[in-house]
Amino acid sequence: MYLVKNEPKKLDIWDEEFIKRHDVAGPRYTSYPTALQFHEEFSRQNYLDAVERSNNRKRPLSIYVHLPFCESLCYYCACNKVITKDQDKMRRYLDNLIKEIEYVAKPFAENRPVYQMHWGGGTPTYFDGPELTELWYQISRHFHLVGPDRGEFSIEIDPRTIDTDKLGLLKGLGFNRLSFGIQDFDEKVQKAINRIQPLSMIEDLVKEARDYQYESLNFDLIYGLPHQTVKSVNRTIEKVIDLSPDRISLFNYAHLPQRFKSQGQMNEEALPLAGEKLQIMCAASSRLVEAGYVYVGMDHFAKPSDELSIALKNEQLHRNFQGYTTFKEADLIAVGVSSISQIDNVYCQNSKSIRDYEQALIDGESPIVAGVELTPDDDIRRDVIMSIICHNKLNKAEIESAHGIDFDSYFATEEKRLVEYAEQGLLKITSFGYQITPKGRLAVRKVCMVFDSYLSEHAKSGNRYSRII
Ligand SMILES: C[S@@+](CC[C@H](N)C(=O)[O-])C[C@H]1O[C@@H](n2cnc3c(N)ncnc32)[C@H](O)[C@@H]1O
Ligand code: SF4
């Protein structure tokens, strides 16, 4: 009963040899083209034209709000965050964010329903209750949020920044989904990453969240952290299974100490070696599937009753900057420093510097600093890549009818590579096109990379992506 079509009951088919062979560094395809393709020539007019097309198409909307502040530093962190105790700084950011919301809302047609909203960070719940209330109120003044019975309203929570009252307040505002940063329950690991949060704290929080009848709880976990072993992570996974969150993100620790200086504060020698990291990932993933979770794709697991698993089964899964989502046709409006919007056929990004972001808003200007408008070829390739990464298959006839091309001649070179991958067991050639094998799912981005026309350009400029393992 826990299985999705073609879903293996166990993931121990992921043998070490196979994964080592296909462990590539590559984009995570939360967009195509990826952010490396965004450029500064992208103009305000490009943006406004996209909004107009979006208004004409009347697609539903999704909103992302970036709240970058945290009280203390987790050494492993690779998020866009600012560690501060300066309340004035946070207040100033909030004032500018509210200005941005008003500015962004103007060109959008009134009453376009917003079915999904996510507040991420940093740590959104580091803002106090009145500030969170003010922010929700300002968004609802400018956008038509559907009721919590019809939409998904989620927020990322550092368990150390929340209590029962704030949990109640968030529910009262309209949030119906919570995502908790758990990472690992092991005390030694928690100490090494500078993030102490006892199991009892999480147990209480989960109980309270259930009392408030939140629809869905997500846990973020990381493998590859200092002092983790197969045994220690197994213990964490057993506790996670007991607490029974609806969704689990099992992230591969991205260790980039040149870029994220704080990672250098952890003892490199305590990090598990590549072989052990792989074993940790295989053991943890297999155990989650054995306990009834569905492997949705790239890092994500969900209960069979969860919308993500249902969307996977019905081939309605989509992917955007928050990872997998069920809202395929929505345009994404992102506000806050560094956030990325996806509107009609454009992607655009706000300034990554808080100073520049705020100055633009003080000057009454847009904080968007870069973007890209998809060419017709980008559009075709985006469809192909999203189909592979979300549905684990490629239906040639669907791409042909959506874009008016002859697949075999358009992608003659790419298909030669797919034949090689079929021989290696990553995919199968079928009557409709290609199907990723259960084994190949872990290396799905390697298959997507075949269709990415910008990869060689990035390789030349020395840009590095994270690896699967
Ligand atoms: C913005 S944080 C979550 C919200 C909140 N700040 C917290 O820590 O609980 C998003 C998630 O990214 C993941 N993350 C952060 N740095 C990472 C890294 N270097 N490698 C892999 N995952 C990472 C963590 O699992 C974290 O929970
Ligand atoms: S993991 Fe979360 S709480 Fe920790 S520094 Fe990163 S964003 Fe802040």
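Residues numbered from 1 in each chain as written. Chains lettered and ligands numbered in written order. Predicted model: local features only at pLDDT ≥ 70, side-chain atom pairs only at ≥ 80, totals over all residues. Heavy atoms only, no water.

Describing the overall build of the chain
Which entries qualify depends on this criterion: Secondary structure is summarised from DSSP: a helix means a run of H or I of at least four residues, a strand means a run of E of at least two, and numbering begins at the N terminus for each. Here the radius of gyration uses the C-alpha set of atoms, whereas the globule reference equals 2.2 Å times the residue count to the power 0.38. The buried label goes to any residue with under 20% of its type's maximum accessible area, the exposed label to any with over 50%, and the partly exposed label to all in between, with areas taken from a 1.4 Å probe on protein chains only. Shrake-Rupley sampling with a 1.4 Å probe provides the accessible areas, and residues are treated as covered by the protein chains on show and by no other component.
Helices and strands together make up the secondary structure of the chain, namely 17 helices and 20 strands. Computed over C-alpha atoms, the radius of gyration of the chain comes to 22 Å, within 12% of the 23 Å expected from 2.2 N^0.38 for 469 residues, which places it in the range of a compact globule. The buried share of the chain, reckoned over its 469 residues, is 57%. Just so you have it, the chain exposes about 20,400 Å², and 48% of that area is on carbon and sulfur atoms.

Here we look at the nonpolar core
We apply this condition: Residues belong to one nonpolar core when they are buried, are Ala, Val, Leu, Ile, Met, Phe, Trp, Tyr or Cys, and are joined through side-chain atoms within 4.5 Å. Note on contacts: a residue pair qualifies if any of its non-hydrogen atoms lie within 4.5 Å across the two residues.
Leu97, Trp119, Leu135, Ile139 and Phe143 are the most contacted members of the largest nonpolar core, which has 80 residues in total. Per-element accounting of this core gives the leading share, 8 residues, to helix α3 (residues 87–105). Those residues in contact with leucine 97 that sit more than four places away from it in its chain are Val65, Leu67, Leu135, Val335, Gly336 and Tyr357. The next biggest cluster of nonpolar side chains, apart from the first, holds 40 residues, and it includes Phe18, Val384, Val444 and Met449.

Thoughts on helix α15 (residues 412–423)
The α-helix advances 3.6 residues per turn, and as a result positions three or four apart in sequence lie on the same side. Here is the rule: Multiplying 1.5 Å by the helix residue count minus one yields the expected span of that helix. By construction, the arc corresponds to the directions joining the helix axis to the C-beta atoms.
For α15, spanning 12 residues, the distance from its first C-alpha to its last is 17 Å, which sits close to the expected 16 Å at 1.5 Å a residue. All of the buried residues in α15 are Glu414, Glu415, Leu418 and Tyr421. Relative to the axis of α15, the buried residues are bounded by an arc of 105 degrees and lie together on one face. Residues Thr413, Lys416 and Glu423 are exposed on α15 and point more than 90 degrees away from its buried face. Residues of α15 that are buried make contact with α12 (376–391), α13 (396–403), α14 (407–410), β19 (427–429), β20 (433–436) and α16 (444–449). Glycine 425 occupies a position one or two residues after α15 and carries a positive phi of about 90 degrees.

Considering unusual backbone geometry
Note that the residue after tyrosine 32, namely proline 33, is joined by a cis bond; omega there is -5 degrees. By the element assignment, proline 33 lies in the loop between α1 (16–22) and α2 (44–57). Located in the positive-phi region is serine 338, a residue other than glycine, with phi close to 70 degrees. With respect to the helices and strands, the residue serine 338 is situated in the loop between β14 (331–335) and β15 (340–343).

Topic: empty space enclosed by the protein
As a reminder, the rule being used: Of the two site types, the cavity is a set of points on a 1 Å grid over the protein atoms alone where a 1.4 Å probe fits but cannot get out, and the pocket is an open set with protein on both sides within 12 Å along at least five of seven lines, each lined by residues with an atom within 4 Å of a point. Grid points are joined across faces, edges and corners, and a volume is the space filled by probe spheres set on the points.
Within the structure shown, the criterion is met by 7 cavities of 30 Å³ or more. Size it by volume and the largest cavity reaches roughly 100 Å³. As for the largest cavity, its lining consists of 15 residues, of which Tyr47, Glu100, Val104, Asn350 and Ile368 are closest to the centre. For the lining of the largest cavity, the elements supplying multiple residues, two or more each, are α2, α3, β14 and β16 (346–350).

Describing the site of ligand 2
Using the following cut-off: We call a residue near a molecule or strand when any one of its heavy atoms sits within 4 Å of it. Any residue that is not Ala, Val, Leu, Ile, Met, Phe, Trp, Tyr, Cys, Pro, Asp, Glu, Lys or Arg is counted as polar, Gly included; the first ten are nonpolar and the last four charged.
The full set of residues close to ligand 2 is Cys70, Ser72, Cys74, Tyr76, Cys77, Gly122, Thr123, Asp158 and Arg195. Along the lines of polarity and charge, the residues of the shell around ligand 2 split into 4 nonpolar, 3 polar and 2 charged.

Looking at the sheet that holds β19
Applied cut-off: What makes two strands pair is DSSP finding at least two bridges between them. Axis lines are fitted to C-alpha atoms, over the contacting stretch for helices. Their N-to-C directions set the angle, which ranges from 0 to 180 degrees.
A sheet is described by the order of its strands in space; here 3 strands give the open sequence β18-β20-β19, paired in antiparallel fashion. In the strand order of this sheet, the two ends are held by β18 (393–395) and β19, each with one partner. Geometrically, the sheet is characterised by an average inter-axis angle of 20 degrees between neighbouring strands, direction not taken into account. Of the pairings in the sheet, the one linking β19 to β20 comprises 3 bridges and is antiparallel in character. What sits directly across from isoleucine 429, in β20, is tyrosine 434. Packing of α15 onto the sheet brings it into contact with β19 and β20, and relative to β19 it is tilted by some 115 degrees.

Remarks on the domain arrangement of the chain
The condition that has to hold: The domain boundaries here were taken from an automatic or database domain assignment.
According to the domain assignment, the chain consists of domain 1 (1–33 + 375–469) and domain 2 (34–333). One C-alpha centre belongs to domain 1, the other to domain 2; they are set 25 Å apart.

Some points on the environment of phenylalanine 432
Within the secondary structure, phenylalanine 432 sits in the loop between β19 and β20. Phenylalanine 432 sits 368 residues away from tyrosine 64 along the chain, and the two C-alpha atoms are 36 Å apart. Those residues in contact with phenylalanine 432, other than ones at most four positions away along the chain, are Lys393, Leu394, Asn395 and Lys396.

Thoughts on the site of ligand 1
To keep things clear, this is the line we draw: Throughout this description, a polar contact denotes any pair of N or O atoms lying within 3.5 Å of each other; where both atoms belong to protein, one of them has to be capable of donating a hydrogen while the other can accept it, and for residues adjacent in sequence the pair is counted only when both atoms sit in side chains.
Surrounding ligand 1, one finds 20 residues, the nearest of these being Tyr76, Gly122, Gln183, Arg195 and Asp220. Within the backbone of glycine 122, a nitrogen or oxygen atom sits 2.9 Å from a nitrogen atom of ligand 1. Between ligand 1 and the protein, one listed contact pairs a nitrogen atom with a backbone N or O atom of alanine 254 at 2.9 Å. Bound to the protein, ligand 1 loses 90% of the 570 Å² it would expose on its own. Elements represented by at least two residues in the shell around ligand 1 include exactly β6 (152–157), β7 (177–183), β8 (216–223) and β9 (247–252). Taken together, the residues of the shell around ligand 1 sort by class into 9 nonpolar, 7 polar and 4 charged.

Quick word on the side chain of glutamine 116
Examined against the element boundaries, glutamine 116 turns out to sit in strand β4 (residues 113–121). The class for glutamine 116 is buried, based on a relative accessible area of 9%. At 2.8 Å, the side chain of glutamine 116 forms a polar contact with the side chain of serine 62. Beyond its immediate stretch of four places on either side in the chain, glutamine 116 contacts Leu61, Ser62, Ile63, Glu152, Phe153, Thr325 and Phe327.

Remarks on the pairing of β16
Judged by how many residues are buried, β16 sits mostly within the fold: 5 of 5 residues are covered. Of the two faces of β16, the one holding Val346, Cys348 and Asn350 and the one holding Tyr347 and Gln349 are both buried throughout. Summarising the sheet, β15 and β16 pair through 4 bridges and their orientation is antiparallel. Paired with glutamine 342 across the two strands is tyrosine 347, which belongs to β16. Here β16 pairs with strand β17 (residues 368–373) via 5 bridges, running antiparallel. Paired with valine 346 across the bridge in β17 is glutamate 373.

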